[in-house]
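# A closer look at the structure
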Amino acid sequence: MLTPREVEVLRHLSRGLSYAQVGSELGVTLNTVASHVRNSYRKLDVHTAAAAVMRAVELRLFGQA
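Everything in this summary refers to the structure shown in the same document. All values derive from a computational prediction rather than experimental measurement. (Residues numbered from 1 in each chain as written. Predicted model: local features only at pLDDT ≥ 70, side-chain atom pairs only at ≥ 80, totals over all residues. Heavy atoms only, no water.)

Before going further, it helps to examine the overall build of the protein. From N to C terminus, the protein includes four helices and zero strands. Of the regular secondary structure in the protein, the N- to C-terminal order runs α-α-α-α. In terms of overall dimensions, the protein is globule-like: its C-alpha atoms have a radius of gyration of 11 Å, near the 11 Å expected for 65 residues. Referenced to the eigenvectors of the C-alpha coordinate spread, the extents of the protein come out at roughly 30 × 25 × 20 Å. Of all 65 residues assigned to the protein, the portion counted as buried reaches 35%. Across the protein, every contact between residues at least 6 apart in sequence was considered, and the portion connecting residues at least 24 apart equals 48%. When the accessible surface of the protein is summed, it comes to about 4,200 Å², and 53% of that surface belongs to carbon and sulfur atoms. (Helix = DSSP H or I, 4+ residues; strand = E, 2+ residues; numbered from the N terminus. Rg over C-alpha atoms; globule rule 2.2 N^0.38 Å. Buried < 20%, exposed > 50% of the residue type's maximum accessible area, 1.4 Å probe, protein only. Contact = heavy atoms within 4.5 Å. Areas by Shrake-Rupley, 256 points an atom, 1.4 Å probe, with all protein chains shown as cover.)

Given below as structure tokens:
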């Protein structure tokens, strides 16, 4: 399943942040964010950020709000 960092990146994307903003928030490069997103897409078998977030919600990866 997803690593804690991949879940954290998706959580930030679900709040509407851009890849650059996510990188700034987490103190990582834009390429690192993109890598986490790519890995998440592959693991969740999706092709868009919206689909990844929806799948993460379905799988309850974000825990309690």
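Its location among the elements puts His12 in helix α1 (residues 4-14). Overall, His12 belongs to the buried group, its relative accessible area being 9%. Those residues within four positions of His12 in sequence are excluded, and the remaining contacts are Leu17, Val22, Glu25 and Leu26.

With respect to the helices and strands, the residue His36 is situated in helix α3 (residues 30-44). His36 has contacts with Arg5, Glu6 and Val9, leaving out every residue within four places of it along the chain.

Okay, helix α2 (residues 19-26) next. Three or more residues of α2 are buried, namely Val22, Gly23 and Leu26. Down the axis of α2, the sector holding all buried residues measures 100 degrees, keeping them to one side. Opposite the buried face of α2, at more than 90 degrees from it, the exposed residues are Ala20, Ser24 and Glu25. Positioned one or two residues after α2, Gly27 has a phi angle of 70 degrees, which is positive. (Arc of directions from axis to C-beta.)

Right, let's get into the packing of α1 against α3. Closest axis-to-axis distance for the α1/α3 pair is 9 Å, and the angle between their directions is 100 degrees. As the angle between them shows, α1 and α3 are arranged roughly perpendicular. On α3, the residues that touch Arg5, Glu6, Val9, Leu10 and Leu13 of α1 are Val33, His36, Val37, Asn39, Ser40, Lys43 and Leu44. Considering only residue class, the contact of α1 with α3 consists of six nonpolar, three polar and three charged. (Axes fitted to C-alpha atoms, helices over the stretch in contact; angles between N-to-C directions. Parallel < 35°, antiparallel > 145°, perpendicular 65-115°, else oblique. Nonpolar A, V, L, I, M, F, W, Y, C, P; charged D, E, K, R; others polar.)

Scanning the entire structure with this criterion turns up three salt bridges. Where Lys43 meets Glu6, a salt bridge forms, and the shortest distance between an N and an O atom there is 3.0 Å. Placement of Lys43 in helix α3 and of Glu6 in helix α1 is noted, with a sequence separation of 37 residues between them. Residue class for Lys43 comes out partly exposed when judged on its relative accessible area of 32%. (Salt bridge = Lys/Arg side-chain N within 4 Å of Asp/Glu carboxyl O.)

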